[in-house]
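For reference, the chains in residue letters:
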Protein chains: 2
Amino acid sequence: MRLTKTFIKTLRDAPKDETATNGALLTRAGYIHKELAGVYDYLPLGLKVIENIKSIIREELNALGCEEVSMAALQNPEPWEATGRWLSEKIDIWFKTEVSSGGELGLAPTHEEPMVNMLKTYISSYKDLPLYVYQFQNKFRNELRAKSGILRGREFLMKDLYSFHTSEEDLDRFYAEVEKAYGRIFARLGIGDCTYEAFASGGIFSKYSHEYQTFLPVGEDTVYYNNDRSVVLNKEVYNDEVLADLGASKEKFEETTAAEVGNIFKLKFKYSEPLGLKYIDESNEQKTVYMGCYGLGVSRVMGVIAEKFADDKGLVWPDTIAPYKYYLVGIGEKGTDAAEKFYKTRENEVLYDDRDKRPGEKFADAELMGIPLRVVISDKTLADDEAEITERKTGKSWRVKIDELMQKF
Amino acid sequence: MRLTKTFIKTLRDAPKDETATNGALLTRAGYIHKELAGVYDYLPLGLKVIENIKSIIREELNALGCEEVSMAALQNPEPWEATGRWLSEKIDIWFKTEVSSGGELGLAPTHEEPMVNMLKTYISSYKDLPLYVYQFQNKFRNELRAKSGILRGREFLMKDLYSFHTSEEDLDRFYAEVEKAYGRIFARLGIGDCTYEAFASGGIFSKYSHEYQTFLPVGEDTVYYNNDRSVVLNKEVYNDEVLADLGASKEKFEETTAAEVGNIFKLKFKYSEPLGLKYIDESNEQKTVYMGCYGLGVSRVMGVIAEKFADDKGLVWPDTIAPYKYYLVGIGEKGTDAAEKFYKTRENEVLYDDRDKRPGEKFADAELMGIPLRVVISDKTLADDEAEITERKTGKSWRVKIDELMQKF
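All of these numbers come straight from a predicted model, not from anything done at the bench. Counting restarts for each chain: residues are numbered from 1 in the order of the written sequence. Labels follow written order: the first chain is A, the first ligand is 1, and so on. At least 70 in pLDDT is required for a residue's local features to be given in this predicted model, at least 80 for side-chain atom pairs to be given and counted, and no such filter applies to totals for whole chains, interfaces and linings, which use all residues.

1. As for the environment of A:Glu51
To keep things clear, this is the line we draw: Under the scheme used here, helices are H or I runs from DSSP no shorter than 4 residues and strands are E runs no shorter than 2 residues, and both carry numbers assigned from the N terminus.
Inspection of the secondary structure assignment puts A:Glu51 in helix α2 (residues 44-63). Through-space distance from the C-alpha of A:Glu51 to that of A:Asn284 is 45 Å; in sequence the pair is 233 residues apart.

Below, the structure is given as structure tokens:
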């Protein structure tokens, strides 16, 4: 993309009410636009990051045999009444609205109830199981406060996967597969070495659930971790009983803050029982379906990555999700000609700063936007038949031959 | 995809309250699931059709230099109050909701106001114009009645494009480009020969707007067309004055019903004026930005296509948007082996009916689902080293050599 052909530009200032680093930086770098607290628009660069994150998740889930759907946001109360979750005592962040033909609807804060309800049409026999269904979908949560940029949204993009099984063993098997897939996903997103699977409270049906917590100073959660970080616990389960259960002792744990980027639950019969999701087994008996659910906050993880890697110059995207691989600057007449040539070989990978601006301004925008590699072709580098590459993450620069640049990169 | 590996199955019956053909057929064929009137989930096959439609639109718009974004559904009242459209006298299909920190929010039924408002950050000079911004986004409309399947949704997917210009001439130029792009889009969607650009009322700033009307018995609009269909008019502008304007006489027109799949407006200053979207021109004067908007109902057009081409056996998808190109059936031991082989060469294009069912049942499902080409490989066809292809649209069958099938198709 040529910068002269996109409406995006970097901004000197973020909105005054934008107190979160991720929100301020993503706004200044032209990735997002704030509508109201916890509600953002995704501009071309931001949408590309979101799509790159989705692609990684989709690849890993499809490899497990998961099927993608897209469910509605508007919710009939009935299935939620059946589980008790229509009540604000159970879910206190509903957005509800009146439908003009009469009655109330809700905006889905999550999708267990409609998913189970829908699958009653498709599951009747043990032959229909197991099955795994996921979506990327905007959730709505009526948060009292939302001051963390895209880390806590009133409207936010989530990947929610639900699995359905004939037995607890099969749920356990798939749950373990998802754990591995989540490990691969966070590694590919570039936060594998600071994101931990943490024990959290499990609810009625399971002793524990698991959260994926990225250690982050501005994270809203408090977690405890042992020396080698092999055991990480949400504060809510950091007590003697749980520690004993895990064979650990309290004095060895340290406290830190973290952002929850995912959570996985063995729900078992929690929703399938009240909603009547049943199947006929091999011996013709009616049984209740075992269920698991697996969330991953897509827009939140984008905010976490923005927040985690940012430095005093701006954003720093991992290669795997950066909106463009290269930020291209041509300097001088010959340098600009060569830059044009390079741009045309890979328009989709290059953000080409063809604006009539000083190199210094362009370099500052390249850094603010956080594009992994800056490519500068100038009359000076061309004198050696070379271009200069600078890595955003490390600030390291090196030269490559122009021919090599055109072919290899 | 193997049918044994997807949760999708065809259903004998649609829900009793599903009176629309498109809704009933798409439900029975496993493409959608009804949540409530006008609110549907998109199952794996349905989501693929939606994504295929989006790809065609995206390609055509990107070729015009349009940039994709994704804006929020939750709306602050302010920009809508500035144009008067927060009032139910102006927009009577708002869904509104209370936010827990105080105040009211709306669910966007369209996006002119937030788009103009957002672009005030990005447009300041004539150098920033023209620009074209679009999104694929779920709109919410609190319809009193929604009985037309996915033809009229309370929650539905729309492509909305907005253009911004320094002059009326430039708006006219781009408007004409979008007209051509819409022609290409509807042609690629397979409804080019039954979709017409119709005159409709223009509002305050333009004499006319244009609608894209697909002639359809269950369409909710009434349109009038002349002999060679070179002039098509929405009923609202079918009067002597407009006909005189277009140099046509009333007696030559016929009436029919149609479904509006798109609409385009020269908005000029309608929203930019009250919202204060201005720029500095070459002579340093402040001017108001000219604006156009261009809608296309993505889920509606899916319903229109389903409705338009369906026959007594089920759906009939155009090749360009079908979820799969081939519906594969193997019969007999050798036939099944060869089918497996063919499937493995193109898993993404083939819906492989590997279920333990009679061929007749499989053929009926192939027809209900509307996959363009049915490929049958049986011990009998293999005796001639052949497979049998049947085209869904025409019912015509022919034989191809197995080698040719494996390579060419």
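2. A closer look at helix α1 (residues 21-28) of chain A
Residues and elements named next belong to chain A. How we decide: Counting other C-beta atoms within 10 Å of a residue's C-beta gives its exposure: the residue is buried at 20 or more, exposed at 12 or fewer, and partly exposed in between, where C-beta atoms are placed from the backbone. Here, residues touch in the contact sense if the C-beta positions derived from the backbone fall within 7 Å of one another.
Extensive coverage of α1 is indicated by the burial of six of its eight residues. Among all positions in α1, only Asn22, Gly23, Leu25, Leu26, Thr27 and Arg28 are buried. Those residues of α1 that are buried are in contact with β1 (32-36), α2, α8 (298-309) and α10 (359-369). The first or second residue beyond α1 is Gly30, which carries a positive phi of 85 degrees.

3. Structural notes on the sheet that holds strand β6 (residues 104-107) of chain B
Residues and elements named next belong to chain B. We count it as follows: The criterion for strand pairing is that DSSP finds at least two bridges linking the strands in question.
The three strands are arranged β4-β6-β5 in an open sheet whose pairing can be described as antiparallel. Every interior strand has two partners, whereas the edge strands, β4 (74-75) and β5 (95-98), have only one. Relative to β6, β5 is paired through four bridges, and the arrangement is antiparallel. Bridge pairing in β6 links Lys96 to Gly106.

4. What about the environment of B:Phe269?
Residues and elements named next belong to chain B. Position of Phe269 relative to the elements: it lies in the loop between β13 (254-266) and α7 (272-275). The exposure class assigned to Phe269 is partly exposed, which follows from the 15 C-beta atoms found within 10 Å. Sequence spacing of Phe269 and Ile150 is 119 residues, and the spatial spacing of their C-alpha atoms is 33 Å. Apart from the residues within four sequence positions on either side, Phe269 is in contact with Phe205 and Thr288.

5. Quick notes on the interface of chain B and chain A
For the record, the criterion: By the convention adopted, Pro, Cys, Tyr, Trp, Phe, Met, Ile, Leu, Val and Ala count as nonpolar, Lys, Arg, Asp and Glu as charged, and the other residues, Gly among them, as polar.
Counting residues at the interface gives 43 residues for chain B, matched by 44 residues for chain A. Looking at the side of chain B that touches chain A, the elements with two or more residues in it are β1 (32-36), β2 (39-42), α2 (44-63), β3 (67-68), β5, α4 (112-119) and β7 (131-140) of chain B. Per-element tally for the side of chain B that touches chain A: the top contributor is β2(B), with four residues. Class assignment for the residues of the side of chain B that touches chain A results in 22 nonpolar, eleven polar and ten charged.

6. Regarding the domain arrangement of chain A
Residues and elements named next belong to chain A. This is how it is decided: Throughout the structure description, domain borders are defined by an automatic or database domain assignment.
According to the domain assignment, chain A consists of domain 1 (3-309) and domain 2 (326-407). The C-alpha centroid of domain 2 is placed 39 Å from the C-alpha centroid of domain 1. Every contact between the two is made by five residues of domain 1 and, on the other side, nine residues of domain 2. Looking at side-chain class alone, the side of domain 1 that touches domain 2 contains two nonpolar, two polar and one charged residues.

7. Structural notes on the relation of the copies chain B and chain A
Formally: Least-squares superposition aligns the copies on the C-alpha atoms of those residues with pLDDT at or above 70 in both.
Overlaying chain B with chain A gives an RMSD of 0.0 Å, the required rotation being 180 degrees about an axis along which the chain moves by 0.0 Å. Taken together, the turn and the small shift mark the pair as related by a two-fold rotation axis. Closest to the rotation axis within chain B is the C-alpha of B:Thr97, separated from it by 2.6 Å. Most of the interface of chain B is mirrored in chain A, where 100% of its interface residues again form contacts.

8. Examining the packing of helix α1 (residues 21-28) of chain B against helix α8 (residues 298-309) of chain B
Residue and element names in this part refer to chain B. The cut-off we apply is this: All axes here are fitted lines through C-alpha atoms, helices being fitted over the stretch that makes contact, and every angle between N-to-C directions spans 0 to 180 degrees. In this scheme, roughly parallel covers angles under 35 degrees and roughly antiparallel covers those over 145, while 65 to 115 is roughly perpendicular and the rest are oblique.
Where α1 meets α8, the closest approach of the two axes is 9 Å, and the angle between their N-to-C directions is 90 degrees. In terms of orientation, α1 lies roughly perpendicular with respect to α8. On α8, the residues touching Thr21, Asn22, Leu25 and Leu26 of α1 are Gly303, Ala306 and Glu307. For the contact of α1 with α8, the class distribution of residues is three nonpolar, three polar and one charged.

9. Here's the deal with the nonpolar core
As a reminder, the rule being used: Any nonpolar core is a set of buried residues, restricted to Ala, Val, Leu, Ile, Met, Phe, Trp, Tyr and Cys, that join up through C-beta atoms within 7 Å.
A:Leu328, A:Leu351 and B:Leu328 are the most contacted members of the largest nonpolar core, which has 240 residues in total. Sorting elements by how many residues they give to this core places helix α5 (residues 168-188) of chain A first, with seven residues. In this structure A:Leu328 touches A:Ala339, A:Phe342, A:Tyr343, A:Val350, A:Leu351, A:Tyr352, A:Asp353 and A:Val375, once residues within four positions along its chain are discounted.

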